[in-house]
Amino acid sequence: MKVITGIPVLDDVIEEIPEGKILTYWIDPEVEGNVFAMQTLFTNLERGCKCAYTTIAYSPEVAIGEFNEFGWDVENYENFSIVDLYSGYVGLPSNCQYNASPTDIEEVNEVMKKVIENFDVVVIPVSSVIDVCGEDSIECIGEWYDFAREKESRLICTFVSWPYPEEIEKFVKNNSNAVIRVGGVHHRVILGYYYGVVKVDWKNIKSKAILFKLVKPGGVRAYIPKILVTGPYNAGKSTFVHAVSMRAISVDRLGTTVALDHGHLEYKGFSIDLFGTPGQERFDPILKMLGREALGVILVVDSTKPETFPRAKQMLEAVAHFGLPYVVAANKQDLPDALPPEEIRKKMFLPEDVPIIPVSAKEGDGVYKVIDALLELLTGSWWVKENEPEVST
Amino acid sequence: MPELSNDLSNITHQLTFTLNVIYDVYVIIIMNMSQVLPDVQLKKGSNIMVYGPAFTGKSMFVRSIFREFIRKGYGGIYVLTRDSAETLMEWLDIDYSNKYVKIIDCVTKSMVGNVKDSDSIKYETVMDLTGISAKISKFFEDFWRSGVRDIVVIFDSLSTLLMYMNLQTVFRFLHILTGRVKVAGSVAFYIVEDGMHDERTIATLKQLFNGVIEFKEENGKKYIRFVSSFTQTEWREIVVEENRVVVVV
Ligand SMILES: Nc1nc2c(ncn2[C@@H]2O[C@H](COP(=O)(O)OP(=O)(O)OP(=O)(O)O)[C@@H](O)[C@H]2O)c(=O)[nH]1
Ligand SMILES: [Mg+2]
């Protein structure tokens, strides 16, 4: 039977998880990524696969409760079993057929192998096993990987990337046939979540990164990030949105934007929606409304008009309320009297770490560097770096 | 450090001798640090250990700190491993709709099974460090998006975590949490019980913190002081009252 991830977009990219393969969800410690494994399990359970879910950090009841919160009634499926590594640890009797106490790693090993042999899909919280059983348990985990390959079962592993020794990370990565990263959009705090394919060894794939939200019930839902393009009157916002977008529309009257610019772009695996705001002051409420929804801000300034910088700064403050990361596009660099980025930084009193990118929206120069800079802020540079080769194509 | 102690005595003169004084003095220590000791940046982003034997008033102390911060307009995140959210809310005497208070209750779920999360109270189990970490992070995001930038985090207590999990695991968890507090420019207090852990554990944990508020008991009297690698206050005698800790003059 075909086993799939059940995660939006991911299944279009990797199609299926073949027999004997190990797929690891590589999860940022501050992100609720366990849902990915739960969703994969439930999807395949519904399709008729025999699935086992290993719990070690909480009781089987709590585990089932978590499934239920997402609307997944695992307990009603005969093909579903829980491997209870929790009860024995806290000294409670287990009422699961498969159970072991993690204080006895040999016992755990034996039970896990039995499960791997008997089930099509087995979910294992690899990092939690390491957390509870100690770092030496990685040897056992290695045996499970090998055993799954031998028995042609599929392992769906979660690995929460706490600061483990590098050897452990390498071992897990190298032993996984597929690694899906589940990360956070960091900006002082985490403002959003994304997942992306790091590695799949059974298929040649084009990288994808998808932002997601968790919906209860429902699970992982992909969504398209909204980027706000703002700036003073006549700075070149509409021109910028059109320059980077594959398709874009503007609602302009007499050359100025009266409603919104909207552009869509597919870039480095991201689907991005750009919203250009009107530059005139009477539109500030729209700006506020969008700020609450957006994930990042591009501030476009006319580099030849320092007299508009105070207004630009004021617009930044309006969105600063939402704590969003922002980059500055120093536009109209094709004109002879354009100020260089560092001059603009000084005049606008912008901190050192704010990226200011010289662009000419009219000529299309540097506009994607602005998107790069923002993606780098949003994904902690991981995504942009991993996908560098793609930039040239 | 004559300047620092001068500052302190001035302030303590002006204020009444309640726990809040300690808190105020303490925050002022933090605030003044960069002037008095220019090479020390303790201000925002500090992670502080609250250490002492059982029944010396640590919980009361951090609760009072928490309440004070909330009154000052901070967003507060309280992680409970020993009391339920209900107990805390009762003590704080704060309305459940108060948007400045967020609680992670790691007690209720393991006692009564599944409980539904609300916007301000989330339930986790104490061994599920990933769950706790993700929920704390979610609260940070909630505050951030609603424009609240000053955030205080209380962790009561790390000793419970150490009962279930080895030091390495707890250390890794704290590494991430203290890092978040630092980057977000918040302040966090973590309770650790004296007498429950070996010296190596305490020494290892201390590496993660900017300072320690210590409690002790001697001849039936209780004392408090603040210690960091840069400064140390005198032991002050305290009395633990029903809902606050008071310094004896
Ligand atoms: N030379 C030059 N002109 C530009 C550039 N970008 C935009 N412009 C011109 O600047 C004018 C304003 O551009 P828009 O894109 O409409 O500016 P806007 O920020 O959307 O303006 P409002 O919506 O009215 O606030 C137009 O005449 C553009 O052709 C650029 O990079 N170089
Ligand atoms: Mg426009």
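Here, the structure is the one placed above.
Residues numbered from 1 in each chain as written. Chains lettered and ligands numbered in written order. Predicted model: local features only at pLDDT ≥ 70, side-chain atom pairs only at ≥ 80, totals over all residues. Heavy atoms only, no water.

Engineer: In this structure, what is going on with the side chain of Thr304(A)? I would like to understand it.
Structural biologist: Residues and elements named next belong to chain A. Among the secondary structure elements, Thr304 is positioned in the loop between β15 (296-302) and α10 (309-320). A distance of 2.6 Å separates the side chain of Thr304 from the side chain of Asp302, its partner in a polar contact. Non-local contacts of Thr304, meaning those with residues more than four positions away in its chain, are made with Lys332, Leu335, Asp337 and Ala338. (Helix = DSSP H or I, 4+ residues; strand = E, 2+ residues; numbered from the N terminus. Polar contact = N/O pair within 3.5 Å; in protein donor to acceptor, adjacent residues only side chain to side chain. Contact = heavy atoms within 4.5 Å.)

Engineer: Can you help me understand the side chain of Glu214(B) in this one?
Structural biologist: Within the secondary structure, Glu214(B) sits in strand β7 (residues 211-218). If we ignore the near neighbours within four places in the chain, the residues touching Glu214(B) are Tyr51(B), Lys206(B), Tyr223(B), Ile224(B), Arg225(B), Val227(B) and Trp235(B).

Engineer: Mind showing me how you'd approach the sheet that holds strand β10 (residues 219-223) of chain A here?
Structural biologist: Across a sheet, paired strands are connected by hydrogen bonds in the backbone, their directions being either parallel or antiparallel. All names here are of chain A. If you walk across this open sheet you meet the ten strands as β4-β3-β2-β5-β6-β1-β7-β8-β9-β10, and the pairing is mixed. A strand with exactly one partner marks an edge of an open sheet, and here the two such strands are β4 (98-99) and β10. Note that strand β1 (residues 22-27) and strand β6 (residues 154-160) share six bridges and pair parallel. Across the sheet, residue Ile27 finds its bridge partner in β6, namely Val160. Of the strands in this sheet, β1, β6, β7 (178-187) and β8 (189-200) are in contact with helix α7 (residues 166-175), which crosses β1 at around 140°. (Pairing = 2+ DSSP bridges. Axes fitted to C-alpha atoms, helices over the stretch in contact; angles between N-to-C directions.)

Engineer: Mind showing me how you'd approach the interface of chain A and chain B here?
Structural biologist: A common way to report how large an interface is uses the accessible area buried once the components associate. Counting from both sides, the interface comprises 39 residues of chain A and, opposite them, 32 residues of chain B. For chain A, the biggest contributors to the area lost against chain B are Glu30(A), Trp162(A) and Arg188(A); these three give 23% of the whole. Our count for the chain A to chain B interface comes out at four salt bridges. Residues Arg172(B) and Glu135(A) are paired through a salt bridge, measuring 2.7 Å at the closest nitrogen-oxygen approach. Listing elements by their share of the side of chain A that touches chain B, those giving two or more residues are α3 (60-69), α5 (126-133), β7 and β8 of chain A. Looking at the side of chain A that touches chain B residue by residue, the class counts come to 25 nonpolar, six polar and eight charged. (Buried area = accessible area lost by both parts, 1.4 Å probe. Salt bridge = Lys/Arg side-chain N within 4 Å of Asp/Glu carboxyl O. Nonpolar A, V, L, I, M, F, W, Y, C, P; charged D, E, K, R; others polar.)

Engineer: Hey, could you run me through the packing of aromatic side chains in this one?
Structural biologist: For any pair of aromatic rings, the description rests on two quantities: the centre-to-centre distance and the angle between the ring planes. Taken as a whole, this structure holds 24 aromatic pairs over all chains when the rule is applied. Seen from their ring centres, Phe36(A) and Phe212(A) are 5.0 Å apart, and the 85° between their planes marks the pair as edge-to-face. Remark: Phe212(A) occurs in strand β9 (residues 209-215) and Phe36(A) occurs in helix α2 (residues 34-46); sequence separation between them is 176 residues. For Phe36(A), a relative accessible area of 0% gives the class buried. Classification of Phe212(A) by relative accessible area gives buried; the value is 2%. Ring geometry for Phe69(B) and Tyr74(B): centres 4.4 Å apart, planes at 70°, overall edge-to-face. Taken as a pair, Phe69(B) and Tyr74(B) share a single burial class, namely buried. Clustering of aromatic rings is evident, with ring pairs tying together Phe42(A), Tyr53(A), Phe67(A), Phe70(A), Trp72(A), Tyr77(A) and Phe80(A). (Phe/Tyr/Trp six-rings, centres within 6.5 Å; stacked < 30°, edge-to-face > 60°. Buried < 20%, exposed > 50% of the residue type's maximum accessible area, 1.4 Å probe, protein only.)

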